[in-house]
Each structure stands twice: as C-alpha cells, then as structure tokens.
Amino acid sequence: MRAASKTASGRADAFTLGDDFEKVAARIGGDEFVVLLDDIRGDLDAIHVASRLLDTLAVPYTVEGHRVISTVSIGIVTSAHAEPDADSVLRDADIAMYEAKRTGRARYVVFDPAMRSQVSNSVALENDLRDALAQREMSVVYQPLVDLPGYGLAGMEALVRWHHPVRGAVSPVDFIPLAESCGLIAALGQFVLQEACQAFEKMQRVLGPEAPPSVSVNLSRAQLREPGLVEAVRDALRLANMEPFQLVLEVTESLAAQDALVQSTLQDLRAMGIALSLDDFGTGYSSLACLHELPVHSVKIDRSFVNLLDKSEYHRVLIEATLRVAATLKLGTVAEGIETEAQALQMAAMGCQKAQGYWIAKPLPVNELVSWIQARAIRSGIRE
C-alpha cells in the first residue's frame, strides 16, 4: 500500500504503525508523505492503518505556545489495483488522496481504477474550459426579478452558461466547481461581471424607463480574495456608464461570514454604493442570530425553502422568521425559485418584497429578455 497524505511538516514521526508488517514512512513534498506497507493481508490492513493515522494526526499539539489542530487526507492503493511501477502507484495514490480532499477532507479513500477516467475527464474538461474562456464560448443569460405584490420589474440576475461544441450544454453545477478548483473562477467571474454591465447599459439604451433598474452578479470566493476586485468592479461600472447603486453583488452566507480580508473587501464595495445581497440564505453557516453582523442590504431565500413552503411547516416558519428579522434590520428580501403562482402569492402575503423563478421567467439571453420586457409592457397597458 502507498498512502499519500497532506499534513503539517515535521509530523512524519508522529504515529506508530505497529509491528504486524514491514513499513516505511517518508516525506515526499512540503506537506505530503508516503507510507509503504509490505506483507499486508488485504485492504482491511491498509484501512486499519489509515484509520489510526487519521486519529493520531487529528490530536491537537502545541507549537511555540499555540494550540494547532491539523487533519490528514489519505489515498490508498493496494496490490489489487497497483500498477507494476512505483511512479504509477504514487500517481494513483495521489488521485485517491485528492478524491478524499474533494469529498470532505480528514478521511481516506481507497483507489479504484475508475478514478483514472474521472481524472482524465476532469482534465479534458478543464482544458476545454480554459479554451472556452479564451475563445469567449461562454455566454451570460438574465433572469428577471419582480416586485411582490404587483410583479413590476425589479431587476435581473446574470447567470453564466457554457455550450460546448461537442459536449453540448455543460451544467454550471459541473463547470463552476471545476473553475474554482483549477484557478479559473476569478477570470470567469470577471467575464460575467463585464458582460452583465454591458448588457445592462444596452437595455437602458433600448428600453429606457422600462429597463431593469439593477443587475445582480454572483461573486466567488476567489474573486473576493483578489486584491484588484474593487478596482475591477469600478472599471466595469465606468465602461458601462453605470451608477454603483445599479449593481447588486451576491455572496453566499458562508463567504459573507468569512475572515477579515473578505469582510474588508465587502465593506469597500459597500462604501462605493454597491448593493450586497446574501444569496441562498438558509443553506450556509450563518443564522438569523448573526444576520445583523453581515454587511449586506438584502437576503435571498433559497429555492429549497420556497419549494417546501406548502409541504413543510418547519420551512414555512423559518421563512416567516427570516422575513421578520430582515424587516427589523431594514434588509430587502427576495424569494428564489418561484415555480407557481401560489408560491408567489404566499411569499407576498408573508411580506417578501421580490421574487424570481421559472413561473415569472426562465433565464434569457439579453435580446430575448428585451423582447420579453417589451411584450410584458404591452400586455400591462404601459404602451399605447
């Protein structure tokens, strides 16, 4: 067995493997180690050692008076699936280790040959994503937000889409985590921001007073940590002749509650006059109790709660509590994932201010959204 693991430097001798079989432990990188076990009886022996390593390395220790807790992710390769050369064994152990990291860290994963094809597919998709960004194959669509009640146009949210020339439509569920893991999310986010601001400027010219009053754009973790983010946002606004209050930047609750660097960036954006919205509220790490500590102007109630509005008393009560707290803090509220008129009426009755979802309109390319707004205006009697 080879187990590649991530842990703190200098911990290679912090565990005991036992005397049932021959063993070698060596450091092969900055915080990467390999353990070789000979004469083991099967996978269970390897798993037993991995479990002991997890337990031992998770014990807190002290460095210069500071209490430190480190965890380890372990990839296991046994003889049943091992290639005949050492380099291949280490490669496969690395694949299993990164699978352990991807699925939550502080665990072990036993290598399976199917993981090789998964990695190959992931690498191919990553290369395609890099090409798509370079060749501007990505596109942005826009989903309108409406006021509750009355359904007046209240804004639009920019959502990125990727239509691969061979794979077809690639779901954001697949390519956004990939962009985050391979360092492309900042470039992708900047592309969406620039496209959204340009689309907003176009709609102002074409639609005049009927245009959406604001456009919402999601911010990623990587963007929030980019030192030039505030200046990039300022440049995007300037190029599109937009006022800061016309842009809404959406962050998840787990991002908004992060460290001082992220908090400082959010405060700088807020100071510019940009509105900040807390996206997917109810699914992250914050709570109603700390909502007042977050530097946001509005809260978006996650679609998973809205979809259970009619079926779950718990979710209905949670939505009501969120709306009451938001009203007390003078925060705006948006219901995501409105799929039926009944949901829209219920959210309006509970005091939610805005809504978006397929019952209102699906995400549309900018030209189709212009047509949708114009047709809606005619039906509403706004035009002659």
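For every chain, the first residue of the written sequence is number 1, and numbering continues from 1 onward in sequence order. Local features in this predicted model are restricted to residues whose pLDDT is 70 or higher, and side-chain atom pairs enter the listing and the counts only when it is 80 or higher, whereas totals over whole chains, interfaces and linings include all residues. Side-chain metrics in this entry use all non-hydrogen atoms of the structure; hydrogen atoms and water are not considered.

What follows covers the overall build of the protein chain. Each helix and strand counted, the protein chain has 13 helices and 16 strands in total. In this description, contact between two residues means that some pair of their heavy atoms is separated by no more than 4.5 Å. Across the protein chain, contacts joining residues at least 24 apart in sequence account for 64% of those joining residues at least 6 apart. Accessible surface area values rest on a Shrake-Rupley calculation with a 1.4 Å probe, where residue burial reflects the displayed protein chains alone. Of the roughly 19,100 Å² of accessible surface on the protein chain, 52% is carried by carbon and sulfur atoms. By the criteria applied, helices consist of DSSP H or I runs no shorter than four residues and strands consist of E runs no shorter than two, each listed in order from the N terminus.

Once that is clear, we can look at the packing of aromatic side chains. Pairing of aromatic rings covers Phe, Tyr and Trp, the last through its six-membered ring, and needs centres within 6.5 Å; plane angles under 30 degrees mean stacked, over 60 mean edge-to-face, and all others mean tilted. Evaluation of the coordinates by the stated rule reveals 2 aromatic pairs. Ring centres of tyrosine 151 and tryptophan 359 lie 5.6 Å apart, and the angle between their planes is 70°; on these two criteria the pair is classed as edge-to-face. With tyrosine 151 in the loop between β8 (138-147) and β9 (153-164) and tryptophan 359 in the loop between β16 (354-355) and α13 (366-379), this pair connects stretches of sequence that are 208 residues apart. The buried label applies to any residue whose accessible area, calculated with a 1.4 Å probe on protein chains only, is under 20% of its type's maximum; exposed applies above 50%, and partly exposed to all values in between. Residue tyrosine 151 is classed as partly exposed on the basis of its relative accessible area, which comes to 24%. Given a relative accessible area of 33%, tryptophan 359 falls into the partly exposed group.

Before going further, it helps to spend a moment on the pairing of strand β14 (residues 298-301). The two faces of a sheet get side chains in turn, since along a regular strand they alternate between them. Along β14, one buried face is formed by Ser298 and Lys300 and the opposite face, lined by Val299 and Ile301, is buried too. Strand pairing requires that DSSP identify at least two bridges connecting the strands. Here 3 bridges tie strand β13 (residues 275-281) to β14, and the two strands are oriented parallel to one another. Following the sheet pairing, serine 277 is matched in β14 by serine 298. Two elements, β14 and strand β15 (residues 332-335), share 4 bridges in a ladder whose sense is parallel. The residue of β15 that forms the bridge with lysine 300 is valine 334.

This paragraph deals with the confidence of the model for the protein chain. The pLDDT averaged across the protein chain works out to 83; a share of 87% of its residues lies at or above 70. Between residues 1-17, whose pLDDT stays under 50, and residues either more than four places distant or in other chains, the model counts 76 contacts. The pLDDT value tells you how sure the predictor is about a given residue, anywhere from 0 up to 100.

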